[in-house]
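Structure assessment
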Amino acid sequence: MNTDRAYLAFRNISKVFPGVKALQDISFTCGQGSIHALMGENGAGKSTLLKILSGMYQPSGGHLEIGGNKIEFNNTLDALNAGVAIIYQELHLAAEMSVAENIFLGQLPHKFGVVDRKRLRDMAAERLQHLGMHIDPDTPLRRLSIAQWQMVEIAKALTRNAQVIAFDEPTSSLSAREIEQLFRVIRELQTEGRVILYVSHRMEEIFHLCDAITVFKDGRYVNTWSDISQVSNEQLVQAMVGRELGDIYGYRPREHGEVRLEVRDVLAPGLRAPASLQVKRGEIVGLFGLVGAGRSELMKAIFGASPLFSGHIAVDGKTRRFRGPGDAIAQGVMLCPEDRKAEGIVPVHSVRDNINISARRRTLSAGCLINEKWERSNAQKMVRELNIKTPSDDQLIMNLSGGNQQKAILGRWLSEDMKIMLLDEPTRGIDVGAKHEIYRVIYDLAEHGISVLFASSDLPEALGLADRIIVMREGRIVGELLHDEATEQKALALAMLRQSEPANNPINPVSASVA
Amino acid sequence: MSKANATPGIAVPAIELPSRNVLAHIWDKYGMLVVFAVVFIACASTIPNFLSMMNMRGLGLAVSLAGMVGCGMLFCLAAGDFDLSVGSVVACAGVSCATIINATGSVTWGVLAGLATGLVFGLLNGIIVAWLGINALITTLASMQIARGLAYIISDGKAVGVSEESFFTLGNSSFFGLPTPVWITIACFIVFGFIIRRTLFGRNTLAIGGNEEAARLAGVHVVRTKIAIFSLSGLISGFAGVVLASRMTSGQPMTSLGLELTVISACVLGGVSLKGGIGKISYVVAGVLILGTVENAMNLMNISPFAQYVVRGLILLAAVIFDRYKQKAKARV
């Protein structure tokens, strides 16, 4: 790397938490005007490093250098003042306030303590225009899309004249078009000579966008490639997981049995047209669509977690009425929800309790007593079989990385007598290694005759994993593609079809959904 | 089982379990009980008469009411809710128990009436909170006033003296030197401690408090469980009201004002999380014992009741601030 352009340097950074060395001796530099990717499995230490950069954590050893000067942040404000801004995965903005107020939050223009509304508006408008955003600065933030929130975050960072801007998984909930827009802005920031750090699990994005890349593994620095064109996909994956992954999806065709799950003309909150689909024994079906297409809503309706306005759900040929998730689980229908933190884990409870929360009802003695021996052995079995990285099954689940939390939730359902597995974005925000393990579990399930229906907005994943892909758009099912005929173009065309395009596209439309 | 430092180069996150963690673990498990022991020993060695039989009985009786009601409150807090109606339910149950005994001449009917009063209020709270989805704070604030009002209406605003003397044994007899209400409280601690730790209902309660939506999607019957939780809290408050009425030989409509706040304070002081999901019976035991002992000591030292309020508030603040630090240390990453 051209060292005289190195602007931001990490020097022997380490961070120790009680019981865990989160970072050990991390050293590398980032140049001005370069987009530097940070990659690694979840728990590899990227988030911790960003938190040190943001001033939220203080390093246990080592230090940061900006522009050649050793610096020390005692809090996040220090970092902001030193020109470091982090755009987090979860956006930290005030939803009820206007766009303009959010951009200038903490430094609102004022006269004698009274906010100068006109100046605020003008300044914000100028910032927004600079980012190519055409929205009224007075709009309350909650009316904007996630992509627009992100732009507001970026605008906010620029008001502090941030020279170092770090993005933490910025594209995880954006559509393809929004991602392009974001990349355009990031490149602009790059040409202005800023240092961009970019954390993502999406390999294609990193190759598409970044100039340099640094890989972490288990809190240690593995390598930096200052020219990303000199490194291959396989090399990167190997650096991250320390082993060859081969074809990450490992798809092989399987025999399918009779229809196991049948959804007929289901209408539920978030769906705009009656949805019908079938999943056979041992079949893996992907539900693809952009954010807001209604995939989660359909899954929740099947699972009995949201009310059914009309339609029927049949399991193994028998029509079932699920009044709640409990009924669905009793019939062997399981759901891994989309938002792990809000809907999946009970954060303050142990890995063991999180695994056994559902299955424990079947192992009670005297009708109501917990069978602790069974729970312990079941949890340990799941930890072992699913390779959940945790010091013990007593550990609080909130201390685990996202991938390991997800595996624990899979363990929750593997403890049950399962017929149909519904997975909503099972690999969102999860590192490559854990993804691979989850794919393996999904294939195992299918081989045991379980029907898998999974929602994904990661197109290569949906294509690589599923026997069949059902595409949704704006609350309706719009088409279906078999594994062999499915391509990214076809799936995207279905998912994004606009009115200007002809309706007679080359893909089989599903008759029921063309209302 | 502490492991030596992970050898460098091995590709697992280095996990150390130094002896400090063992101490932390003990602290985590018995922390507030240790604090109680320290407070108790300090009081015993500095305050004359503190250890006297009379004072110990008084302390036991004072703690017994909050202890019983605290058992129900533990479940409400563990599920991430409150029950502010407990104090009024105690009064209302006591009054209705006394009134029914006087009307029918039957202690059994009176006790049943007291229990039923508690159960009905609990059930209503539960249905409104869980089924209709109304905020527990507001719901129980309302039922707190309704219960208090009904207590005044039934009793016509005056204490209802009980004429049936066999009723008094419940509150005034002793076994092995301990007053019966203290035995009842100990029994409650054991039963409720067992329920929250060892039964499906108890675990589901904690799961709902830890993350209601996750619990629902894991198949926990949230509405049913919550109704049961509030019913239980109402029932135990009703029972506490009956025991109190027996002790005082009358149903008093103005008793236990502010009891709900004392009980919530005690639970939180002991370590029950206000956000839900974390709660053990030992926390409740420690909380009511610490608060009870401090109050008792202040009475013995003739500290004015006005100053006592200030001290109690300060203790509670100290406890929650301390708890916050403990949580922060736990939730790393």
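All values derive from a computational prediction rather than experimental measurement.

Some details on the overall build of chain B
Along the backbone of chain B there are 13 helices and four strands. Within the span of chain B, comprising 333 residues, buried residues form 49% of the whole. Within chain B, contacts between residues at least 6 apart in sequence are counted, and of these 77% link residues at least 24 apart. Accessible surface, chain B: about 15,300 Å² in total, of which carbon and sulfur atoms supply 70%.

Focus: the overall build of chain A
Each helix and strand counted, chain A has 17 helices and 22 strands in total. In terms of principal-axis extent, the alpha carbons of chain A reach across some 70 × 55 × 50 Å. In chain A, buried positions account for 57% of the 515 residues. Contacts in chain A between residues far apart in sequence, at least 24 positions, make up 67% of those at least 6 positions apart. Total accessible area on chain A is roughly 21,400 Å²; 48% of this is exposed by carbon and sulfur atoms. Each charge class in chain A can be summarised by its mean position, and for the 60 positive and 63 negative side chains these summaries are 4 Å apart.

Description of the sheet that holds strand E22 (residues 476–482) of chain A
Residue and element names in this part refer to chain A. Taken in spatial order, the six strands make up an open sheet running E18-E19-E20-E15-E21-E22, and their pairing is mixed. The strands lining the two open edges of the sheet, one partner per strand, are strand E18 (333–336) and E22. Between one strand and the next, the sheet's axes are offset by a mean angle of 20°, whatever the strand orientation. Alignment of strand E15 (residues 284–288) against strand E20 (residues 451–456), held across five bridges, turns out to be parallel. Bridged to Ile 284 within E20 is Val 452. Across the sheet, helix H9 (residues 295–302) touches E15, E18, strand E19 (420–424), E20, strand E21 (468–473) and E22, and the angle it forms with E20 is around 150°. Against the sheet, helix H15 (residues 432–447) touches E15, E19 and E20, its axis set at about 130° to E15.

What about the sheet that holds strand E14 (residues 275–280) of chain A?
Residue and element names in this part refer to chain A. As summarised here, the arrangement of the four strands in space is E14-E13-E16-E17, forming an open sheet in which the pairing is antiparallel. Whereas interior strands pair on both sides, the edge strands pair on one side only; in this sheet they are E14 and strand E17 (318–320). This sheet shows a mean twist of 20° between the axes of neighbouring strands, independent of strand direction. Summarising the sheet, strand E13 (residues 259–267) and E14 pair through five bridges and their orientation is antiparallel. Paired with Glu 262 across the bridge in E14 is Gln 278.

Focus on the side chain of B:Asp83
Residues and elements named next belong to chain B. You can see Asp 83 is positioned in the loop between helix H2 (53–78) and helix H3 (86–104). One buried charge, Asp 83, has no salt-bridge partner; the nearest side chain with opposite charge is Arg 148, at 12 Å. Within polar-contact distance, the side chain of Asp 83 engages the side chain of Ser 85 at 2.6 Å. What Asp 83 contacts, discounting residues up to four positions off in sequence, is Met 73, Cys 76, Asn 125, Thr 140, Phe 230, Ser 233 and Glu 260.

Some details on the UniProt feature "transmembrane region" (unreviewed entry) in chain B
Residues and elements named next belong to chain B. The sites that UniProt annotates as "transmembrane region" (unreviewed entry) are residues 30–51, 58–80, 86–104, 111–134, 175–196, 227–245 and 306–322. For residues 111–134, the helix share is 88%, the strand share is 0%, and the end-to-end C-alpha distance is 31 Å. For residues 306–322, the end-to-end C-alpha separation is 25 Å, with 100% helix and 0% strand making up the annotated structure.

Observations regarding the interface of chain B and chain A
With 34 residues of chain B in contact, the opposing surface of chain A contributes 45 residues. When chain B packs against chain A, the two sides together hide about 3,300 Å² of surface, and 57% of this comes from carbon and sulfur. Along the contact surface separating chain B from chain A lie four salt bridges. In this structure, the salt-bridge partner of A:Asp353 is B:Arg203, at a minimum N-O distance of 2.9 Å. Counting every contact that joins chain B to chain A gives 10 residue pairs in polar contact (both at pLDDT 80 or more). For the side of chain B that touches chain A, the secondary structure elements donating two or more residues are helix H7 (180–198), helix H8 (200–210) and helix H9 (212–217) of chain B.

Focus on the packing of helix H4 (residues 107–131) of chain B against helix H5 (residues 136–155) of chain B
Residues and elements named next belong to chain B. Look at H4 against H5: their axes get within 10 Å of each other, and the N-to-C directions meet at 155°. One way to sum up the angle between H4 and H5 is to call them roughly antiparallel. Judged by the twist between their axes, the crossing of H4 over H5 is right-handed. In this structure, H4 uses Phe 121, Asn 125, Ile 128 and Val 129 to contact H5, whose residues at the interface are Ala 136, Thr 139, Thr 140, Ser 143, Ile 146, Ala 147 and Leu 150. When grouped by side-chain class, the residues that make up the contact of H4 with H5 number seven nonpolar, four polar and no charged.

About the criteria used
- Residues numbered from 1 in each chain as written.
- Chains lettered and ligands numbered in written order.
- Predicted model: local features only at pLDDT ≥ 70, side-chain atom pairs only at ≥ 80, totals over all residues.
- Heavy atoms only, no water.
- Helix = DSSP H or I, 4+ residues; strand = E, 2+ residues; numbered from the N terminus.
- Buried < 20%, exposed > 50% of the residue type's maximum accessible area, 1.4 Å probe, protein only.
- Contact = heavy atoms within 4.5 Å.
- Areas by Shrake-Rupley, 256 points an atom, 1.4 Å probe, with all protein chains shown as cover.
- Lys, Arg positive; Asp, Glu negative; His and termini not counted.
- Charge placed at Lys NZ, Arg CZ, Asp CG, Glu CD.
- Pairing = 2+ DSSP bridges.
- Axes fitted to C-alpha atoms, helices over the stretch in contact; angles between N-to-C directions.
- Salt bridge = Lys/Arg side-chain N within 4 Å of Asp/Glu carboxyl O.
- Polar contact = N/O pair within 3.5 Å; in protein donor to acceptor, adjacent residues only side chain to side chain.
- UniProt positions renumbered as here; feature names shortened; annotations may be inferred.
- Buried area = accessible area lost by both parts, 1.4 Å probe.
- Parallel < 35°, antiparallel > 145°, perpendicular 65-115°, else oblique.
- Left-handed = near helix turned anticlockwise from the far one by under 90°.
- Nonpolar A, V, L, I, M, F, W, Y, C, P; charged D, E, K, R; others polar.

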